[in-house]
Amino acid sequence: MTFAFDMYDTVRSHPYLKNFCCVMEGHPVKIPFPLSKPYICFGTEKQSYEYLPGDENGIVESEIMSVRITVPNGFNSDYCRECARIVILAIDEYDTDKRIISVSAGKCAFDEHSYGYSLKLEFGLRPVRKIRGDAVE
């Protein structure tokens, strides 16, 4: 299971996000058009596994989590950026293992496909050593 899925499963019940609709990238969810509320889409941008020398059972897992925020038409880019700030605070609050080491935000721009403003966040995560699927430090 990826960090993005864990965060999606945890964060969607956060009180800050009660007016948002959370979805997971790759899961079939019908999104109504036009949008009536902000949407947050969690996904994994890049994931890699490397074997540790001399340790056949252990692997190092690296991941970059992406979160796309899209607000309905009628809201401006300032509201989109404010939603991004709220999402970052909620994710940071639930990152108890402190896996997030960097956050970057793309430009908030009008997306013609969703007919609203959209912004992409990328969370760089600290690599984790795993043995038989369980994370260890």
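The structure this text deals with has already been given above.
We now turn to the structure provided with this report. (Residues numbered from 1 in each chain as written. Predicted model: local features only at pLDDT ≥ 70, side-chain atom pairs only at ≥ 80, totals over all residues. Heavy atoms only, no water.)

Among the nonpolar cores identified, the biggest contains 28 residues, and Phe 42, Met 65, Val 67, Val 87 and Ile 91 are the most heavily contacted of them. Beyond its immediate sequence surroundings of up to four residues, Met 65 is in contact with Phe 3, Ala 4, Met 7, Phe 42, Gly 43, Ile 91, Leu 121, Glu 122, Phe 123 and Leu 125. (Core = buried A, V, L, I, M, F, W, Y, C linked by side-chain atoms within 4.5 Å. Buried < 20%, exposed > 50% of the residue type's maximum accessible area, 1.4 Å probe, protein only. Contact = heavy atoms within 4.5 Å.)

A few words now on the side chain of Ser 118. Locating Ser 118 in the fold gives a position in strand β6 (residues 116-125). A distance of 3.3 Å separates a polar atom in the side chain of Ser 118 from the backbone oxygen of Ile 69. Discounting chain neighbours no more than four positions away, the residues touching Ser 118 are Arg 68, Ile 69, Thr 70, Cys 80, Lys 107, Cys 108, Ala 109 and Asp 111. (Helix = DSSP H or I, 4+ residues; strand = E, 2+ residues; numbered from the N terminus. Polar contact = N/O pair within 3.5 Å; in protein donor to acceptor, adjacent residues only side chain to side chain.)

Looking now at the packing of helix α1 (residues 3-11) against helix α2 (residues 77-94). Close contact between α1 and α2 brings their axes to 10 Å; oriented N to C, the two are set at 105°. With respect to α2, the axis of α1 lies roughly perpendicular. Where α1 approaches α2, its residues Met 7, Thr 10 and Val 11 are matched on the opposing element by Ala 90, Ile 91 and Tyr 94. The residue inventory of the contact of α1 with α2, partitioned by class, reads five nonpolar, one polar and no charged. (Axes fitted to C-alpha atoms, helices over the stretch in contact; angles between N-to-C directions. Parallel < 35°, antiparallel > 145°, perpendicular 65-115°, else oblique. Nonpolar A, V, L, I, M, F, W, Y, C, P; charged D, E, K, R; others polar.)

What follows concerns the packing of aromatic side chains. Evaluation of the coordinates by the stated rule reveals five aromatic pairs. Taken together, a centroid distance of 5.6 Å and an interplanar angle of 80° make the contact between Phe 110 and Tyr 115 edge-to-face. The exposure class of Phe 110 is partly exposed, given its relative accessible area of 37%. The class of Tyr 115 is partly exposed, set by a relative accessible area of 42%. Their ring planes at 80° and their centres at 5.5 Å tell us that Phe 110 and Tyr 117 sit as a pair that is edge-to-face. Taken together, the ring pairs connect Phe 5, Tyr 8 and Phe 42 into an aromatic cluster. (Phe/Tyr/Trp six-rings, centres within 6.5 Å; stacked < 30°, edge-to-face > 60°.)

Before going further, it helps to examine a nonpolar patch on the surface. Where nonpolar side chains cluster on the molecular surface, the patch consists of Phe 33, Phe 110 and Tyr 115 and spans about 330 Å² of accessible area. Structurally, Tyr 115 is set in the loop between β5 (109-111) and β6. (Patch = residues over 30% accessible without salt bridge, like charges linked within 9 Å, V, L, I, M, F, W, Y side chains within 5 Å. Areas by Shrake-Rupley, 256 points an atom, 1.4 Å probe, with all protein chains shown as cover. Salt bridge = Lys/Arg side-chain N within 4 Å of Asp/Glu carboxyl O.)

This next bit is on the pattern of salt bridges. One pass over the structure, following the stated rule, counts three salt bridges. Across the salt bridge formed by Asp 78 and Arg 81, the nearest N and O atoms sit 2.5 Å from each other. Remark: Arg 81 and Asp 78 occur in helix α2; sequence separation between them is three residues, near one turn of the helix. According to the relative accessible area criterion, Asp 78 is partly exposed, its value standing at 48%. Note that Arg 85 is salt-bridged to Glu 82, the shortest N-O span being 2.7 Å. Highlighted residues: Arg 85 and Glu 82, both in helix α2, separated by three residues, approximately one helical turn. The exposure class assigned to Arg 85 is partly exposed, which follows from its relative accessible area of 44%. Residue Glu 82 is classed as partly exposed on the basis of its relative accessible area, which comes to 33%.

Fair warning: the whole summary comes from geometry, so function is off the table for now.
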